[in-house]
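Architecture at a glance
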Amino acid sequence: MDPVFDISIVISSYNRENKILQTIERLFESDLNDFTKIELIVIDDGSPSPVNKLLSQLKNIPAKIDLRLITQENAGIGATRNRGFREAKADIVIFLDDDILLHTDTIKKIYKAQLEGPGPVIFGSYPFISHSSASLQQFARQLFGYDEITTAEQFEKVDAITSGLLSVDKSKLNDRSNFYKDDLSIPAAEEHEIISRFHQQGIPIYHAKHIAAIHNHHLELGWLGQQQYKYGLATAEAFIKNPEISEMEKFSVLKTSLDSIKKSTTKKIIKSFLVSAVGRKSIILLARMSEYFFPNKNHDYIFGVFTSSNFLAGYRAGMKRFTH
């Protein structure tokens, strides 16, 4: 007879090497007093270095945690998380990125939020573990909303979602067999689609400002630029493969903004330079010089130009890639 699980935790992993090990070991340190049994599903999405070699290093697995490894050919983050959703035996499912370090009370807070909170879809925040400068840390706090983290319990209904620290209650969703779409290849594209679909279905999404963990990654400008470029790619993929999402005001406004430069010659020239390879190299050089010589000063403007130019460059590249 299968055990009855309080929650299922799904960790999707691809080529993360030792970080997933740190994620699981930190999870094992969680306060589990409120739980009878927890299902931990680790999915190896075709990693060149198999995850099972890392899991063999794990010691002292808590008795309340039932660890299961699933290996598959590379399918992408959306499809991998979706498989975990289908495989999960508990109604309450927590999606956890493989580079997230939980606090000892994070799981307890998520479980309480699902039992007593305002809705079936709740996500938390995960600030970076370190930053290349104080100025970049301050910019990240505003860009990702980390300055909104609270100690008191607080939920905010939002038209956004992030899957790195996300919980859902299957029993309160229209579809218990699918959460993400399997055919979206760029990470974050599947999140755009979910936001729109849940908006149409009247399923609210909540940001739990009191639920947080740590993103086990050092934030520096080069990586931030790459992530913003990929986010632009993902936005283009979501618009092209799921055009209905632009019916939602949030995405309609975003798409209009991204396409509006066609209407102004002056803006088109400026934007074209900023999103070009030469333009982006010039901006990151200027941003890095500002950060290096004045690490404690406010560089929000230049950092903002840098992230925006990379996002728009990714969006333009994505529109070409996925249109054809």
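Scroll up to find the structure this text is about.
Just so it is clear, the model here is predicted, and its values are computed rather than measured. (Residues numbered from 1 in each chain as written. Predicted model: local features only at pLDDT ≥ 70, side-chain atom pairs only at ≥ 80, totals over all residues. Heavy atoms only, no water.)

This part covers the overall build of the protein chain. A count of helices and strands for the protein chain gives 11 helices and 10 strands. When the backbone C-alpha atoms are referred to their principal axes, the protein chain occupies close to 70 × 45 × 40 Å. For the protein chain, contacts bridging at least 24 residues in sequence account for 84% of all contacts bridging at least 6. For the protein chain, the computed accessible surface area is about 15600 Å², with 51% contributed by carbon and sulfur atoms. Here the protein chain holds 39 positive side-chain charges and 39 negative ones, and the gap between their average locations is 7 Å. (Helix = DSSP H or I, 4+ residues; strand = E, 2+ residues; numbered from the N terminus. Contact = heavy atoms within 4.5 Å. Areas by Shrake-Rupley, 256 points an atom, 1.4 Å probe, with all protein chains shown as cover. Lys, Arg positive; Asp, Glu negative; His and termini not counted. Charge placed at Lys NZ, Arg CZ, Asp CG, Glu CD.)

Turning our eyes to something else, we now look at the pattern of salt bridges. Considering all chains together, one arrives at 19 salt bridges under this definition. Among the salt bridges present, the one from arginine 197 reaches glutamate 193, with a minimum N-O distance of 2.7 Å. Linking arginine 197 with glutamate 193, this pair stays in helix α6 (residues 189-201), spanning four residues, or about one helical turn. Look at arginine 197 and you get buried, because its relative accessible area is 18%. Since its relative accessible area comes to 6%, glutamate 193 is described here as buried. The closest approach of N and O atoms between lysine 241 and glutamate 237, which form a salt bridge, is 2.8 Å. Pair noted here: lysine 241 and glutamate 237 are both in helix α7 (residues 221-241), with a separation of four residues, about one helical turn. Overall, the relative accessible area of 34% leaves lysine 241 in the partly exposed class. A network of salt bridges, in which partner residues are shared, links Glu39, Arg68, Arg83, Glu87 and Lys89. (Salt bridge = Lys/Arg side-chain N within 4 Å of Asp/Glu carboxyl O. Buried < 20%, exposed > 50% of the residue type's maximum accessible area, 1.4 Å probe, protein only.)

The grouping of Leu285, Met289, Tyr292, Phe293 and Phe294 at the surface amounts to a nonpolar patch, some 600 Å² of accessible area in total. You can see methionine 289 is positioned in helix α10 (residues 277-293). (Patch = residues over 30% accessible without salt bridge, like charges linked within 9 Å, V, L, I, M, F, W, Y side chains within 5 Å.)

To continue, consider α7. Taking 1.5 Å per residue, 21 residues should reach 30 Å; α7 reaches 30 Å between its end C-alpha atoms and fits that length. At the N-terminal end of α7, a side-chain oxygen is found 2.9 Å from the backbone nitrogen of glycine 222, two or three residues along, and the residue is glutamate 220. (Expected span 1.5 Å × (residues − 1). Polar contact = N/O pair within 3.5 Å; in protein donor to acceptor, adjacent residues only side chain to side chain.)

Relative orientation of the contacting elements helix α5 (residues 134-143) and α7 amounts to 25°, with a least axis distance of 12 Å. As summarised for this structure, α5 and α7 are arranged roughly parallel, according to the angle between their axes. Regarding α5 and α7, the two cross each other, and that crossing is left-handed. Of the residues in α7, those in contact with Leu136, Phe139 and Leu143 of α5 are Leu221, Leu224 and Gln228. Here the contact of α5 with α7 is built from residues that sort into five nonpolar, one polar and no charged. (Axes fitted to C-alpha atoms, helices over the stretch in contact; angles between N-to-C directions. Parallel < 35°, antiparallel > 145°, perpendicular 65-115°, else oblique. Left-handed = near helix turned anticlockwise from the far one by under 90°. Nonpolar A, V, L, I, M, F, W, Y, C, P; charged D, E, K, R; others polar.)

Nothing here speaks to function; it is all geometry.
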